[in-house]
Amino acid sequence: MDGHTPGETVDMNSVAVVAVVCRRAWNAVDPRDRTEMKSPAQTVIVHHTALRFLISGDGVVYEGRGWGIVGAHAKEHNFHSVGIAFMGNFNDELPSSESLSALLRLLHIGVLHGHVRPNFVLVGHRDVAKTACPGEHLYSLLPKLREQLQNH
Ligand SMILES: [Zn+2]
C-alpha cells in the first residue's frame, strides 16, 4: 500500500473503501526484520495496541507491517495471522462504530487481494494467549463482527 498520501481513500471497489495511511506517511520506524508470509493469513487477531495495522477512533487505518509481512504481535501465530489493533484501551472504553466498520472494510480488502483467506477466523488476542488484550468491550463485539463478515 505504499505510495498513498495520508488519509487518501483507497477505492478497491465500490464496497470496500477505507482510508489507509501508509508507513512512510506516519513516519513509522522500519521493522527489524521483514519476513514475507508464505500463504494468505488464516487467522485475523484483534488487539488494542500498536501492531500490523492500527485503526483510530475516526476509522482511519494506519499501516504497520502491511499485508503479507510476518508481524510480531502474537508469538507462534505471527506466521499465519494478521494482527490488527484498535487504538485505545477497551477495558474502559467502547470502540467507535467508525473503527469497527473500518475493520470490516479492511478485512474485505484483505480477502479481495488474497492476503487473507476467504474463510479466515477472526479472534481476539486473548483467544490465543494469556492476555486481557483486546479489552473486554472490544472482545465482546467480536461475535457480532463475525456475523457481519459472513453476511458480506
Ligand atoms: Zn494483543
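In the nomenclature of an unreviewed UniProt entry, the protein chain is known as Peptidoglycan recognition protein 5 isoform A of Ctenopharyngodon idella. Under the Sequence similarities (unreviewed entry) heading, UniProt states for the protein chain: "Belongs to the N-acetylmuramoyl-L-alanine amidase 2 family."

(A) Examining helix 4 (residues 142–150) more closely. For helix 4, the complete set of buried residues consists of Leu142, Leu145 and Leu149. Down the axis, helix 4 shows its buried residues gathered within 55 degrees of arc, on one side only. Among the exposed residues of helix 4, those pointing more than 90 degrees away from its buried face are Lys144, Glu147 and Gln150.

(B) How the structure looks around the coordination of the zinc ion. For the zinc ion, the full set of protein donor atoms is His47 (ND1), His125 (ND1) and Cys133 (SG), and the range of their distances to it is 2.0 to 2.2 Å. Taking relative accessible area as the criterion, cysteine 133 reaches 8% and is therefore assigned buried.

(C) Representation of the pattern of salt bridges. Counted under the stated rule, the structure contains one salt bridge. A salt bridge links arginine 126 to glutamate 136; the shortest N-O distance between them is 3.1 Å. In this pair, arginine 126 sits in helix 2 (residues 125–128) while glutamate 136 sits in helix 3 (residues 136–139), placing the two residues ten residues apart along the sequence.

(D) Representation of the environment of leucine 103. Residue position: leucine 103 is located in helix 1 (residues 97–112). With a relative accessible area of 0%, leucine 103 lands in the buried category. With 42 residues separating them in the primary sequence, leucine 103 and valine 61 have C-alpha atoms 8.4 Å apart. If near-sequence neighbours (up to four positions away) are discounted, leucine 103 is found in contact with Val46, Ile55, Ile84, Phe86 and Leu145.

The rules behind each value
- For every chain, the first residue of the written sequence is number 1, and numbering continues from 1 onward in sequence order.
- Local features in a predicted model are, by the rule used here, given only for residues with pLDDT of at least 70; side-chain atom pairs are given and counted only at 80 or more, and totals for whole chains, interfaces and linings are based on all residues.
- Remark: hydrogens and water are excluded; side-chain values derive from all non-hydrogen atoms of the structure.
- UniProt positions are given in the numbering used here, feature names are shortened, and annotations may be inferred rather than shown by experiment.
- The classification of residues rests on relative accessible area computed with a 1.4 Å probe and restricted to protein chains. Under 20% of the type maximum is buried, over 50% is exposed, and intermediate values are partly exposed.
- A run of H or I in DSSP becomes a helix once it reaches four residues, and a run of E becomes a strand once it reaches two; helices and strands are each numbered from the N terminus.
- Regarding the arc, it is the one traced by the directions from the helix axis to the C-beta atoms.
- Here the coordinating atoms are restricted to nitrogen, oxygen and sulfur within 2.8 Å of the metal centre, or 3.2 Å for Na, K and Ca, and because water is not among them the sites may look incomplete.
- Whenever Lys or Arg places a side-chain nitrogen within 4 Å of a carboxyl oxygen from Asp or Glu, that contact is recorded as a salt bridge.
- The criterion used for residue contact is that any of the two residues' heavy atoms lie within 4.5 Å.

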